[in-house]
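Chain by chain, the residues run as shown.
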Number of protein chains: 2
Amino acid sequence: MPLGEEKNGMCDGSIYVNNPHLDSMQEDILYHFNLGTSTHDLPKMFMDVKFVCVGGSPWRMKAFTEYIAKELGLMDPNAEYPNICAGTDRYAMYKVGPVLCVSHGMGIPSIAIMLHELIKLLYHARCTDVTLVRIGTSGGIGIKPGTVVVTKQSVDAMFQPRHEQIILGKPVMRSTELDGELANDLLQCGKELAEFETIIGNTMCTLDFYEGQARLDGAFCSYSEDDKQHYLAEAYAAGVRNIEMESSVFAAMCKLSNIRAAVVCVTLLDRQKGDQLTSSHEVLNNYQQRPQVLLGHYIKKQLNVSKSS
Amino acid sequence: MPLGEEKNGMCDGSIYVNNPHLDSMQEDILYHFNLGTSTHDLPKMFMDVKFVCVGGSPWRMKAFTEYIAKELGLMDPNAEYPNICAGTDRYAMYKVGPVLCVSHGMGIPSIAIMLHELIKLLYHARCTDVTLVRIGTSGGIGIKPGTVVVTKQSVDAMFQPRHEQIILGKPVMRSTELDGELANDLLQCGKELAEFETIIGNTMCTLDFYEGQARLDGAFCSYSEDDKQHYLAEAYAAGVRNIEMESSVFAAMCKLSNIRAAVVCVTLLDRQKGDQLTSSHEVLNNYQQRPQVLLGHYIKKQLNVSKSS
């Protein structure tokens, strides 16, 4: 199969691995999870997974696990949710019923390593009809801090809906198309909750938090406040409502694997008004819970859980 | 100052921030460290720092802190080394005497966020004559697993000594030149220790662990074993002896900040012979201690600590 003509997902709900080498391997070690096909019974551990929630921070993934357990009525007051990846400090993973939560660190390379191993894990475990949602934080453009943005398109720093993957030293462009129906369902959940503003918009994904996002407060800055404002205004005109650092490769890899995927990020500040995160910890913590609440509501609806415990 | 003509480091040993905006800020919040100029007395906390050791894994940074404390005779048997960034799970930071240890997660974006905030921290703390060393793990090419590679040049996936930084949507190329004298001093330390092989060579820095490093065992693979071997042979011919995911931006940012910097990574496998990390935990753990031992020896020599406690 020539580069650039990669096969997209199929329609039968199974996880697709675009790798003919995998089936001839006697064993597959998922190194950064400290899991493997010889050492763990992956189908037994994971076959019932229907929802995977990923986010940068391990603490937030643990918090979401506890939250969703309570919301789904699966909470055992005596239960601890063990970190399934306890043997490594690269990622943290928790599971409660059909919901798997995995941290991914910061940036495209970090989430890409995790997604390669997660996609193989779901494939080895023979999971079907999996929905994968990234919940995260972001900087907003022209919207009120605390607004939750469901991503319509993930775009790069030139506002194009593509992810550049270097393979054997050559760039390959991949589509960052996400599932439109899932995005609309999540937007609808935000409206039903009516606890905070939820909008749909494009999300810009950058390789850097400071210069890559036109911040003026990094260790280096070679542009002016006017240059910054001009760039952010161009982004807004291209439909960008928030900026983060993982959505493009997340969208590209989920699309290649036939996984229904969405990105839901809260904005912690309005970048047109500043660069630093000056809000109090209480305010920022409250904001960070919003994508969790929204995703929790969606999962409950899908599972027909009528009310929270 | 036009893009691409950025000023390089000065010669007086101070940390250089290439950002005219910084001095006009009333306060600087180092968000991902949970530190700030208003909330913390950064000169008091950090002014004596002379060596900064960074690495991907927080556990390894804690281990190095304990190791170097013992080696420098600064160990208090009753002392715990508190995580200075305990209020966040993004990075971990430990300090013992003149040595600061900071984790950086995986990949260029993750280490770049940390380095922006570390460089500003060292600047605010008025540190001088700081040496910054990344210790890490890597895949080797054509060398025995367990070999420690001191980086001569950090090169990209096309084997060029450059780091592409996107600023306001446009690519800016930065030099990844490291300090040649420091690299030679570290190589010499390896020879003095004579506990494991230490070599000097080029290090390829990629944005991805699987497709980006020509692995055959990711969730996607569109090339053959022959294609992989051809690419690795090309890399070897260009002087590349190991592959990791942070050295290019590390080298570029240290150069811009006038910080003497080096990269010391152990190889966990020979990529020409395989892709998976099949060695036992004991063997891999032993390998991972080697850059720590080498850096510890170097720091002791610099501080004229004659023998370990």
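Starting afresh in each chain, residues are numbered from 1 along the sequence in its written order. Chains and ligands are labelled sequentially in the order written, the chains with letters from A and the ligands with numbers from 1. Totals for whole chains, interfaces and linings use all residues, but because this is a predicted model, local features are given only for residues with pLDDT of at least 70 and pairs of side-chain atoms are given and counted only at 80 or more. Remark: hydrogens and water are excluded; side-chain values derive from all non-hydrogen atoms of the structure.

### Things to note about the overall build of chain A
- A tally of helices and strands in chain A yields 7 helices and 12 strands.
- For 309 residues, the compact-globule formula gives about 19 Å, and the C-alpha radius of gyration of chain A, at 19 Å, lands near that figure.
- Projected onto its principal axes, the C-alpha positions of chain A cover 55 × 50 × 35 Å.
- A burial count over chain A gives 60% of its 309 residues as buried.
- Only the protein chains shown count as covering a residue, and every accessible area follows the Shrake-Rupley method with a 1.4 Å probe. Carbon and sulfur atoms make up 49% of the accessible area of chain A, which totals about 11,700 Å².
- Separation between the mean location of the 28 positive side-chain charges and that of the 36 negative ones in chain A comes to 4 Å. Strands are runs of DSSP state E lasting at least 2 residues, helices are runs of H or I lasting at least 4, and numbering of each runs from the N terminus. Our radius of gyration is a C-alpha quantity, and the globule rule it is checked against amounts to 2.2 Å times the number of residues to the power 0.38. Each residue is assigned to one of three classes by its accessible area relative to the maximum for its type, calculated with a 1.4 Å probe on protein chains only: buried under 20%, partly exposed between the two thresholds, exposed over 50%. For the charge count, each Lys or Arg is scored as positive and each Asp or Glu as negative, with His and the chain ends excluded. Here the site of a charge means atom NZ of a Lys, CZ of an Arg, CG of an Asp or CD of a Glu.

### What about the relation of the copies chain A and chain B?
- Least-squares superposition of the copies uses the C-alpha atoms of those residues scoring a pLDDT of at least 70 in each of them. For these two chains of identical sequence, chain A goes onto chain B by a turn of 180° and a shift of 0.0 Å along the axis, with RMSD 0.0 Å. Look at the turn and shift together and you get a two-fold axis relating the two.
- For this analysis, residues touch if any pair of their heavy atoms sits within 4.5 Å. Here 99% of the interface residues in chain A have copies in chain B that are interface residues too; the copies meet face to matching face.

### Some thoughts on the interface of chain A and chain B
- Taken together, the contacts link 78 residues of chain A with 77 residues of chain B.
- Joining two parts hides part of their accessible area as seen by a 1.4 Å probe, and the buried area is that hidden amount summed over both. For the pairing of chain A and chain B, the buried interface totals around 6,400 Å² over both sides, and the portion due to carbon and sulfur atoms is 60%.
- By definition here, a salt bridge exists when the distance from a side-chain nitrogen of Lys or Arg to a carboxyl oxygen of Asp or Glu is within 4 Å. Scanning the region where chain A abuts chain B turns up 2 salt bridges.
- Measuring nitrogen to oxygen at the nearest pair gives 2.6 Å for the salt bridge that ties Glu211(B) to Arg174(A).

### Observations concerning the packing of aromatic side chains
- Here is the rule: rings of Phe, Tyr and Trp (six-membered ring for Trp) pair when centre to centre is within 6.5 Å. Planes less than 30 degrees apart are stacked, more than 60 are edge-to-face, and the remainder are tilted. Applying the stated criterion across every chain, the model contains 10 aromatic pairs over all chains.
- Centroid distance Phe51(B) to Tyr298(B): 6.4 Å. Interplanar angle 85°. Geometry classified as edge-to-face. Taken together, the residues Phe51(B) in strand β3 (residues 51-55) and Tyr298(B) in helix α7 (residues 281-303) connect sequence positions 247 residues apart. One exposure class covers both Phe51(B) and Tyr298(B), and it is buried.
- Geometrically, a charge over a ring is one whose NZ (Lys) or CZ (Arg) sits within 6 Å of the ring centre while staying within 35 degrees of the ring normal. Geometry around Tyr236(A) places Arg241(A) over its ring, the cationic atom sitting 3.6 Å from the centre.

### Overview of the UniProt feature "binding site: phosphate" (unreviewed entry) in chain A
Residues and elements named next belong to chain A.
- UniProt positions are given in the numbering used here, feature names are shortened, and annotations may be inferred rather than shown by experiment. In the numbering used here, UniProt assigns the feature "binding site: phosphate" (unreviewed entry) to Arg90, Arg134, Ile135, Gly136 and Thr137.
- Following the sequence through the fold, arginine 134 ends up in strand β6 (residues 131-140).
- Not counting residues up to four positions away in its chain, the partners in contact with arginine 134 are Val54, Gly55, Gly56, His104, Ile111, Glu244, Glu246, Phe250, Ala262, Val263, Val264 and Cys265.
- Here the side chain of arginine 134 touches glutamate 244 through a polar contact of 3.0 Å, side chain to side chain.
- Within the element layout of this structure, glycine 136 appears in strand β6.
- When its relative accessible area of 3% is taken as the criterion, glycine 136 is described as buried.
- In this structure glycine 136 touches Arg60, Val264, Cys265, Val266 and Pro291, once residues within four positions along its chain are discounted. Residues adjacent in sequence count toward polar contacts only when both atoms are side-chain atoms; beyond that, a polar contact is any pair of N or O atoms within 3.5 Å, and within protein one must be able to donate a hydrogen and the other to accept it.

### A short note on the state of the cysteines
All names here are of chain A.
- By convention in this document, the label disulfide applies to cysteine sulfur atom pairs within 2.5 Å. With the rule as written, the count across this model stands at 0 disulfides over all chains.
- The structure places no disulfide on cysteine 101, whose sulfur is separated from the nearest cysteine sulfur, that of cysteine 53, by 4.8 Å.
- Residue class for cysteine 101 comes out buried when judged on its relative accessible area of 0%.

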